[in-house]
Amino acid sequence: MENPFKELEKPLKTAPSELKGKVMKDIAFAKFLIDMSRLFSVNIGDVFERTLRKRRETN
């Protein structure tokens, strides 16, 4: 049986340009979804922090 870790020592193969393009599109779409979700979601930690800070300032 051949050691599969020997494959790690070999130089990397280049990916086809079509595959690179598809991966970059998928990454761009994922970033878009993350940005959109930030627009429509509430950061609970930030809300608690601001609320506690306002309470401390008023006391």
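Residues numbered from 1 in each chain as written. Predicted model: local features only at pLDDT ≥ 70, side-chain atom pairs only at ≥ 80, totals over all residues. Heavy atoms only, no water.

Caption draft 1: Inspection of the environment of F32 at higher detail. The topology assignment puts F32 in helix α1 (residues 17–39). Once the C-alpha coordinates of F32 and R56 are considered, the two residues, 24 residues apart in sequence, prove to be 37 Å apart. (Helix = DSSP H or I, 4+ residues; strand = E, 2+ residues; numbered from the N terminus.)

Caption draft 2: Region of interest: the environment of F40. In this fold, F40 is placed in the loop between α1 and α2 (44–58). Along the sequence, F40 and A15 sit 25 residues apart, while their C-alpha atoms lie 36 Å from each other.

Caption draft 3: Representation of the pattern of salt bridges. Under the definition given, this model contains four salt bridges. D46 is the salt-bridge partner of R50, the closest N and O atoms lying 3.4 Å from each other. Residue R50 and its partner D46 are located together in helix α2, separated by four residues, close to a single helical turn. Judged by relative accessible area, D46 falls into the partly exposed class, the value being 33%. The partner of E49 in a salt bridge is R53, with the nearest N and O atoms 2.6 Å apart. Here the residue E49 and the residue R53 both occupy positions in helix α2, the gap between them amounting to four residues, near one helical turn. (Salt bridge = Lys/Arg side-chain N within 4 Å of Asp/Glu carboxyl O. Buried < 20%, exposed > 50% of the residue type's maximum accessible area, 1.4 Å probe, protein only.)

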